[in-house]
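A look at the structure
The primary structure of each chain is shown beneath.
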Amino acid sequence: MHELYVTKSIQQIVLKHAQKNGIKKVITVNLEIGALSDLQDEWLQRYFDRLSLGTVVEGARLRIRRVPAVFQCCECQQTYQIHSFYVQSLTCPHCSSAKVTLQTGREFRILNMEAE
Amino acid sequence: MQEIQLIEIKEEILAEIKGLADQIRENLSEKKVFMLNIMGSPGAGKTSLILKTIQHLTDHLRIAVVEADIDSMVDSQKVAALGIPVVQIQTGGFCHVDASMVEKALDTLPLDNLDLVLLENVGNLVCPAETDTGSHLNITLLSVPEGDDKPLKYPLIFTISDVLVVSKLDYLDLDDFDLERVKTRATAMNQNIKIFPLSCKTMVGIKDWIVCLEQEISIFRNP
């Protein structure tokens, strides 16, 4: 829903690094976004394409790695992945404890870029 | 042919706006003004909770309200009727409030003469979850008619909230909403979340919420 807002931030960060490194053309931007985020890959790319027209980022591809939602049980310390919040129970599949913490799945960062 | 190079970036997206949010929080803390970010779906009862909170605290706290809506003044008029300073942010189509909008709104308030700012975010369970407003406490409202599956459908907002208010408790008998299920689901997302089931209509649970807020403000003032 707010992909445009997020895309602007991505573009600004990428442009800043492109300028710093004397880049002529950015080819790919590698991102890491957690599974809990509702951002749609397709819309991120569409807005990015639009915003980057006429800059060194024009035509660059956003390669998004989705970091899975991994929980750790506070009782037995085992970790487990949740693929679907809607289908799976959030309680620990090993000992059924409800005391669990979210370990990964909230990531929201730019890793690097491939550029000329 | 130009050689392709890999350039390390390792930066958080929206870091700049996060920096501004931290700055707002710091400025407010210096002035001993506590700010509450109130999130939830349209119709979850955010404005009703704000009005009830004002009624309970207005005797001993100087309160102001920041109302954010895509485009209207309805909520701010209700607050102004209580004689409370209120500033309306019209986000103009934006689905959430960000720190730069909050900064402008706070500039118009008499911060030196305030103890508490209640910020009503845009009605939405998705976008406000990804943006830090500079508040000291994040609360999310989930009303009984919305259903107990919301922590599963919109997990992120429950991970960033300090408090979950389950509102419109008076609808509980008319609905198959399972309060225990919500508690389990929200706590799995966030072990530290405090949960307050209440109704602004019957007043059930309001007192517990007010006591919690007073405690948070007291800890904030005397750390």
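Refer to the preceding data block for the structure.
Predicted, not measured: the structure shown is a model, and the values here were computed from it.

Here we look at the overall build of chain A
From N to C terminus, chain A includes two helices and six strands. When the elements of chain A are put in sequence order from the N terminus, they spell out α-β-α-β-β-β-β-β. At 18 Å, chain A has a C-alpha radius of gyration far larger than the 13 Å of a compact globule built from 116 residues. In terms of principal-axis extent, the alpha carbons of chain A reach across some 55 × 25 × 15 Å. Of the contacts made within chain A by residues no fewer than 6 positions apart, 70% connect residues no fewer than 24 positions apart. Carbon and sulfur atoms provide 48% of the accessible area of chain A, an area that totals close to 5900 Å². Mean positive and mean negative side-chain charge positions of chain A (14 and 11 charges, respectively) differ by 5 Å.

Digging into the interface of chain B and chain A
Each partner contributes residues to the interface: chain B has 37 residues there, and chain A has 40 residues. Here chain B meets chain A over a buried area of about 3600 Å², counting both sides, of which 64% is carbon and sulfur. Among the residues of chain B in contact with chain A, I7, I9 and I13 of chain B are the three that bury the most area, contributing 20% of the side total. Between the two partners, chain B and chain A, sit two salt bridges.

Some points on helix α1 (residues 15-30) of chain B
Taking 1.5 Å per residue, 16 residues should reach 22 Å; α1 of chain B reaches 23 Å between its end C-alpha atoms and fits that length. Of the residues making up α1 of chain B, those classed as buried are I17, L20, A21, I24, R25 and L28 of chain B. Looking straight down α1 of chain B, one finds that the buried residues subtend no more than 140 degrees of arc, so they occupy a single side. Away from the buried face of α1 of chain B by more than 90 degrees, exposed residues E16, E26 and E30 of chain B are located. Contacts from the buried residues of α1 of chain B go to α1 (3-20) of chain A together with β2 (34-40), α4 (99-107) and α8 (206-221) of chain B. One or two steps after α1 of chain B, the chain reaches K32 of chain B, where phi turns positive at roughly 60 degrees.

A closer look at the nonpolar core
One recurring pattern in soluble globular proteins is that nonpolar side chains are buried together. Counting residues in hydrophobic clusters, the biggest one holds 50 residues, and the most contacted among them are V26 of chain A together with L106 of chain B. Counting residues per element, this core draws most heavily on α1 of chain A, which supplies six residues. When residues no more than four places from it in sequence are discounted, the contact partners of L106 of chain B are I24, L28, M35, V66, L111 and V117 of chain B.

What about the sheet that holds strand β8 (residues 194-197) of chain B?
Residue and element names in this part refer to chain B. The strand order β4-β3-β5-β2-β6-β7-β8 describes an open sheet built from seven strands, whose pairing is parallel. Of all the strands in the sheet, the pair left with one neighbour each is β4 (86-90) and β8. With direction set aside, neighbouring strand axes in the sheet form an average angle of 20 degrees. Relative to strand β5 (residues 116-120), β2 runs parallel, the two being bridged by five bridges. The residue bridging F34 from the neighbouring strand is L116, located in β5.

What counts, and at which threshold
Residues numbered from 1 in each chain as written. Chains lettered and ligands numbered in written order. Predicted model: local features only at pLDDT ≥ 70, side-chain atom pairs only at ≥ 80, totals over all residues. Heavy atoms only, no water. Helix = DSSP H or I, 4+ residues; strand = E, 2+ residues; numbered from the N terminus. Rg over C-alpha atoms; globule rule 2.2 N^0.38 Å. Contact = heavy atoms within 4.5 Å. Areas by Shrake-Rupley, 256 points an atom, 1.4 Å probe, with all protein chains shown as cover. Lys, Arg positive; Asp, Glu negative; His and termini not counted. Charge placed at Lys NZ, Arg CZ, Asp CG, Glu CD. Buried area = accessible area lost by both parts, 1.4 Å probe. Salt bridge = Lys/Arg side-chain N within 4 Å of Asp/Glu carboxyl O. Expected span 1.5 Å × (residues − 1). Buried < 20%, exposed > 50% of the residue type's maximum accessible area, 1.4 Å probe, protein only. Arc of directions from axis to C-beta. Core = buried A, V, L, I, M, F, W, Y, C linked by side-chain atoms within 4.5 Å. Pairing = 2+ DSSP bridges. Axes fitted to C-alpha atoms, helices over the stretch in contact; angles between N-to-C directions.

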